[in-house]
Amino acid sequence: MDPVVVARAVVEERHPAARAAFLGGSVLTEHRTALSDLDIVVLLHGLPAPYRQSLQYGDWPVELFVHTEETWHAFVDRETRKRRSPLLWMCADGELLFDVDGLGERLAAEARKLALAGPPAMPAEEIEDFRYAITDLLDDLAGSTDQGELLFIASELARRTGELALALGGAWGGGGKWLARRLEDAAPGLNARLHHAVRAALDGQTEALVGVVDDVLARAGGRLWAGYRRSGTP
C-alpha cells in the first residue's frame, strides 16, 4: 500500500484534530527497503505533545514525532546547534500529508530555508576534541593485535572521521545510515574509502585506514596529542 495513504490513516486515527502532518525518511526515497518505517511528524494544538512513539500499524512499523508549533521550534533549535536535526529534514524533504491552517506550509518553508543554510560552524575547541580523540584511536590501532579490539577501534575511527569531514565541509551530520548518506553528498568517495579501509584493517592491513584518516585530519590541522588540555567543570 502507498506509504502516504497509510501515513494519513495513522494520523487520522490517532490525532484527528491535528493541524498538520509530514511523512519523511527513507520510505520516500530510492533507499526504501522492505523494512523501512513510516517517520511521521504530527503538529497538534497542545497536549499530549510533545512525545515520540514507535508502533506497528498493519504491516508498517511507524515512528511518530508529535509536536506543537512551539515544541517543533524548540527541538529544531536544539538539534540544529548540534548540526544534526532529523526533525528538520523530515519537514524539509518530507511529504506534507495535510495542512489545516497553514502551519504545515510555514514549517516546511522554514525547514527548507534552514536546511539550505546549513548547520552552524563547529567551534575550534570541538575540532580540537575530534583531533585528539582520533589521534588517540590511531595510536590504539597501531598498537592493537586483538581482532575484537580492532573491530571497534576501526569502526570508531570511521565514524569519527566521517563526522569530522562533514563538520569541516560545513555539511549537516547524521548517524548510522544517514552518516553514510551525508558523506556521499558532501564528500563523494570518502565513504567508499573508509569502507574498504576498515575491511582491510580487520584483516590486519591498517595502512589504508591510517591514510584516509590522516587525509581528513590534515584539513583540521593534523594529529593532536601533546599540548591538548581541557579544564574540568566542578
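In case you missed it, the structure is sitting above this.
On a predicted model such as this, the values are computed, not experimentally measured, just so you know.

Attention now goes to helix 9 (residues 207-220). Here helix 9 is 14 residues long and its end C-alpha atoms lie 20 Å apart, about the 20 Å a rise of 1.5 Å per residue gives. Within the span of helix 9, buried status applies to Leu209, Val212, Val213, Val216, Leu217 and Ala220. The buried residues of helix 9 occupy an angular sector of 135° when projected down its axis, which confines them to one face. Across from the buried face of helix 9, at angles greater than 90 degrees, the exposed residues are Glu207 and Ala218. One or two residues past the end of helix 9 sits Gly221, with phi positive at roughly 115°.

Our next topic: the pattern of salt bridges. Taken as a whole and judged by the stated rule, the model has 13 salt bridges. For the salt bridge of Glu156 with Arg159, the shortest nitrogen-to-oxygen distance reads 2.5 Å. You can see Glu156 and its partner Arg159 sitting in helix 6 (residues 147-168), three residues apart, about one turn around the helix. A relative accessible area of 31% places Arg159 in the partly exposed class. When the shortest N-O distance is used, the salt bridge between Arg193 and Asp215 registers 3.0 Å. Here Arg193 is found in helix 8 (residues 190-202), whereas its partner Asp215 is found in helix 9, with 22 residues between them in sequence. For Asp215, a relative accessible area of 41% gives the class partly exposed. Each of Arg19, Glu69, Asp101 and Arg106 takes part in a single network of salt bridges with overlapping partners.

Scoring rules and cut-offs
Residues numbered from 1 in each chain as written. Predicted model: local features only at pLDDT ≥ 70, side-chain atom pairs only at ≥ 80, totals over all residues. Heavy atoms only, no water. Helix = DSSP H or I, 4+ residues; strand = E, 2+ residues; numbered from the N terminus. Expected span 1.5 Å × (residues − 1). Buried < 20%, exposed > 50% of the residue type's maximum accessible area, 1.4 Å probe, protein only. Arc of directions from axis to C-beta. Salt bridge = Lys/Arg side-chain N within 4 Å of Asp/Glu carboxyl O.

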